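Structure assessment
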Amino acid sequence: MNKWLKSGLVSMIGSALLVTGCSSGKSANPSGAPAGANMDNVNATGYPIVKDTVTLTMMGAKAAIHGPWEDMVLFKKMEEKTNIHFEFDTPPQANYQEAKNLAFASRQLPDVFFNAQLTPDDEVTYGSQGYLIPLEGLIEKYAPHFNKLMTDNPEIKKSITTVDGHIYALPLIIDQPRAYVPNRMWLNGDWLKHLGVSGEPATTDELYDLLVRFKNEDPNGNGQPDEIPLSGVKLDSLQSVLLPAFGLLGREVEVNDGKVRFNPVQSEYKAYLEYLNKLFSDKLLDNELFVQTSQQMSAKGNANQLGAFVTSSPDLVLKVDKPEDNLKHPMLGPLTSPVNPEKLAQKASNIRRGTFAITSENKYPEATMRWVDILYSDEGSRLGYLGDSYEWLDDAKTKWKFVSPEGTNPEEYRAKLTPDVGGQLPLIKERVFDSKRDNGKAPDYNKMVDDKLNPYARQEYPDVYFSNDEQKRLNIIKTDIKTYVDQMEAKFVVGQEPISKWDEYVKTIDKMGLTEMLQIYQDAYDRWNQSK
């Protein structure tokens, strides 16, 4: 982006936010079901949704892999079915947050946000100001598919309802077992075979011993000391796999027996840092872990330099000639440690919030709600997820497979059909449909994760919303604490700060407002826990 343009955008956002902050904006309709001005053109049931074609504007984040949204099968087929046409504003993903903020600050809003990347703070702030309209009344009247999902799983409604009782954005719902524990550690099966190792580590000490062998016994067989025993993308990737071995789920807040605690000041976290420091000091940890990209890690894997690594499947890192060769590389199960005898895994939320919203500019909110509800139906969700890149293998529809033109990368092809690739859309990724995918000889990652990780997986803290006042305080306190924890974590791991300074580190965090921050999280959790 040109320097003058970037500077101008920042200036405009700052000025507009100042104006917005001094005004309550438009008032949200307290009924949650705004009355459209053009219902004569809308069919409450059946298709098309509108009798005469309606054109609406849509804003969303465009990933680098995407083709033009106006050419995507998803939107073309949806227009054929509904008579609703969209004009698209799709800023590049790298600049999207800035463009989204400018749209709100300047009040130049689209009719719809899609692949919206709305934060909980966005929903609360712009919903209360009236720029995002309440959706719960529209859902009840015009979204039977999504309404049924909420009825069948009350956690959905709890997780998308803000403090004022309104729903301002719709979620992506993932009902695929492999998505519950997306970060997984894998072991290089060729190295294990070379070393004559048949079992897998069950404890952090056993993992350490294996990593030492990876370092010292030339498991790639090239006669060079080029092996990297353990790697990942940033320290966070290791944290999600190793920290549960020490009895903690994540490095932020966690609910333990109904009480909120901050994990980076727990004694178990100290033990975790000591373990990582030992790995680093003994040259078992990738020196470039703190800064490397997934592409850089994959290059090392393809050069047969990695023994253990964190990713979603082996073929994303190692050179795998055939899909079934992934089976050579075992997935590590939950570990235990001297400070924790319980097997644990960190569970990701299957409700990804803030993917879709209707703004106050939209003159057809009822029709728009009917449009998006299609994506929560069986056929609609598959269209949103896959476009037309799949086909059934039998008339009974018991098996399906991905299809793409010969010579094309399946994901690159799918990204020309739907923004789902590299994005999060308002739809459901169904367990039943996913289980019918024909994997051929490739691993069934759903079964693998369901058998080995999901029985031990727990989410550290639910999807909650904070009030405006709570969020303002968190923006100050949590930002400062997180920055300090990030800095000290890295220093402890590489030995720049000795672990003997642990007590001083904890006292510093206490002085930064930890007690107030924990009370805010506890209040939000209690509200969530009491809601229906």
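1. Considerations on the overall build of the chain
A count of helical and extended segments in the chain gives 21 helices and 15 strands. For the chain, whose C-alpha radius of gyration is 25 Å, the value lies close to the compact-globule estimate of 24 Å for 532 residues. Counting only C-alpha atoms, the chain reaches 75 × 60 × 50 Å along its principal axes. The contacts of the chain with a sequence gap of at least 6 include a subset with a gap of at least 24, amounting to 77%. Carbon and sulfur atoms form 49% of the exposed surface of the chain, whose accessible area is close to 24100 Å².

2. Details of the pattern of salt bridges
Evaluated as defined, the whole model comprises 26 salt bridges. Two residues, Arg213 and Glu217, come together in a salt bridge whose shortest N-O distance is 2.9 Å. A relative accessible area of 37% places Glu217 in the partly exposed class. Note that Lys482 and Asp486 form a salt bridge whose closest N and O atoms lie 3.0 Å from each other.

3. Here we look at the packing of aromatic side chains
How two aromatic rings sit relative to each other is given by the distance of their centres and the angle of their planes. For the coordinates displayed, the defined rule picks out 32 aromatic pairs. Where Trp400 meets Phe402, the ring centres are 5.3 Å apart and the plane angle is 85°; that geometry is what we call edge-to-face. Residue classification places Phe402 among the partly exposed positions, given a relative accessible area of 27%. Trp400 sits in the buried class, given a relative accessible area of 0%. A connected cluster of aromatic rings, assembled from ring pairs, spans Phe246, Tyr269, Tyr272, Tyr275, Tyr484, Phe492, Trp502 and Tyr505. Above the ring of Tyr47, the side-chain terminus of Lys81 is found at 4.2 Å from the ring centroid.

4. Focus: the sheet that holds strand S2 (residues 84-89)
Within the open sheet, the 6 strands sit side by side as S2-S1-S3-S11-S4-S14. Their pairing is mixed. Among the strands making up the open sheet, the edge pair consists of S2 and strand S14 (428-429). Relative to S2, strand S1 (residues 54-59) is paired through 6 bridges, and the arrangement is parallel. The residue of S2 that forms the bridge with Met58 is Phe88.

5. A word on the confidence of the model for the chain
When pLDDT is low, close inspection of the predicted coordinates is not appropriate. Summing up the model confidence of the chain, the mean pLDDT is 91 and the portion of residues at 70 or higher is 93%. Overall, residues 1-34 carries pLDDT values under 50, and its contacts beyond four positions in sequence, including any with other chains, amount to 56 contacts.

6. What to know about the nonpolar core
Counting residues in each nonpolar core, the largest one holds 62 residues, and the members touching the most others are Met185, Phe262, Tyr461 and Tyr505. Within the second largest apolar cluster, 51 residues are counted, among which are Ile84, Ile139, Ala143 and Leu427.

7. Brief notes about unusual backbone geometry
Backbone geometry follows two general trends: most residues other than glycine have a negative phi, and most peptide bonds adopt the trans configuration. Note that the residue after Tyr47, namely Pro48, is joined by a cis bond; omega there is 5°. Looking at the element boundaries, Pro48 is found in the loop between helix H1 (3-21) and S1. For Gln117, which is not glycine, the phi torsion reads 55° and is therefore positive. Structurally, Gln117 can be placed in the loop between strand S3 (112-114) and helix H4 (120-128). Look at Gln117 and you get partly exposed, because its relative accessible area is 28%. Positive phi, close to 50°, is recorded for Asp218, a residue that is not glycine. Structurally, Asp218 can be placed in the loop between helix H10 (204-216) and strand S6 (228-231). Here Asp218 falls in the partly exposed class, since its relative accessible area comes to 22%.

8. Re the domain arrangement of the chain
Accessible area lost when the parts come together is the quantity often used to give the size of an interface. Here the chain is partitioned into domain 1 (39-178 + 350-451), domain 2 (184-347) and domain 3 (468-530). On a C-alpha basis, the centres of domain 2 and domain 3 stand 26 Å from each other. Across the contact, 23 residues belong to domain 2 and 22 residues belong to domain 3. Buried area between domain 2 and domain 3, summed over both chains or domains, comes out near 2000 Å², and the portion from carbon and sulfur atoms is 71%. On the surface where domain 2 and domain 3 come into contact, there are 3 salt bridges. There are 9 residue pairs in polar contact (both at pLDDT 80 or more) connecting domain 2 and domain 3. For the side of domain 2 that touches domain 3, the elements supplying multiple residues, two or more each, are strand S7 (253-256), strand S8 (259-262) and helix H12 (267-281). A total of 8 residues in the side of domain 2 that touches domain 3 trace back to one element, the largest contributor, which is H12. Each residue belonging to the side of domain 2 that touches domain 3 can be placed in one class, and the counts come to 14 nonpolar, 3 polar and 6 charged.

9. Topic: the side chain of Lys158
Locating Lys158 in the fold gives a position in helix H7 (residues 154-160). Looking at Lys158, the relative accessible area reads 12%, which means it is buried. In this structure the side chain of Lys158 is engaged in a polar contact, spanning 3.4 Å, whose partner is the backbone oxygen of Trp528.

10. Considerations on the side chain of Thr418
Within the element layout of this structure, Thr418 appears in the loop between helix H16 (410-414) and S14. Polar contacts involving the side chain of Thr418 include one to the main-chain carbonyl oxygen of Gly384, which spans 2.5 Å.

11. Some words on the environment of Phe114
Tracing the backbone shows Phe114 in strand S3. With 54 residues separating them in the primary sequence, Phe114 and Gly60 have C-alpha atoms 5.0 Å apart.

12. Focus: H4
Taken as a whole, H4 has its buried residues at Asp122, Glu123, Val124, Tyr126 and Gly127. Of the residues trailing H4, Gly130 is marked for its positive phi of about 90°.

13. Digging into the packing of H12 against helix H19 (residues 468-494)
Direction vectors running N to C along H12 and H19 enclose 50°, while the axes themselves pass 7 Å from each other. Taken as axis vectors, H12 and H19 run oblique relative to one another. For the pair formed by H12 and H19, the contact residues are Tyr269, Tyr272, Leu273, Leu276, Asn277 and Phe280 on the first element and Val485, Glu489, Phe492, Val493 and Val494 on the second. Looking at the contact of H12 with H19 residue by residue, the classes come out as 9 nonpolar, 1 polar and 1 charged.

14. Quick notes on the pairing of strand S11 (residues 351-358)
Of all 8 residues in S11, 8 are buried; the element is thus mostly enclosed. Across 3 bridges, S3 lies against S11 in antiparallel orientation. Within S11, the residue paired with Val112 across the bridge is Ile358.

About the criteria used
- Residues numbered from 1 in each chain as written.
- Predicted model: local features only at pLDDT ≥ 70, side-chain atom pairs only at ≥ 80, totals over all residues.
- Heavy atoms only, no water.
- Helix = DSSP H or I, 4+ residues; strand = E, 2+ residues; numbered from the N terminus.
- Rg over C-alpha atoms; globule rule 2.2 N^0.38 Å.
- Contact = heavy atoms within 4.5 Å.
- Areas by Shrake-Rupley, 256 points an atom, 1.4 Å probe, with all protein chains shown as cover.
- Salt bridge = Lys/Arg side-chain N within 4 Å of Asp/Glu carboxyl O.
- Buried < 20%, exposed > 50% of the residue type's maximum accessible area, 1.4 Å probe, protein only.
- Phe/Tyr/Trp six-rings, centres within 6.5 Å; stacked < 30°, edge-to-face > 60°.
- Lys NZ or Arg CZ within 6 Å of the ring centre and 35° of its normal.
- Pairing = 2+ DSSP bridges.
- pLDDT = per-residue confidence, 0-100.
- Core = buried A, V, L, I, M, F, W, Y, C linked by side-chain atoms within 4.5 Å.
- Domains from an automatic or database assignment.
- Buried area = accessible area lost by both parts, 1.4 Å probe.
- Polar contact = N/O pair within 3.5 Å; in protein donor to acceptor, adjacent residues only side chain to side chain.
- Nonpolar A, V, L, I, M, F, W, Y, C, P; charged D, E, K, R; others polar.
- Axes fitted to C-alpha atoms, helices over the stretch in contact; angles between N-to-C directions.
- Parallel < 35°, antiparallel > 145°, perpendicular 65-115°, else oblique.

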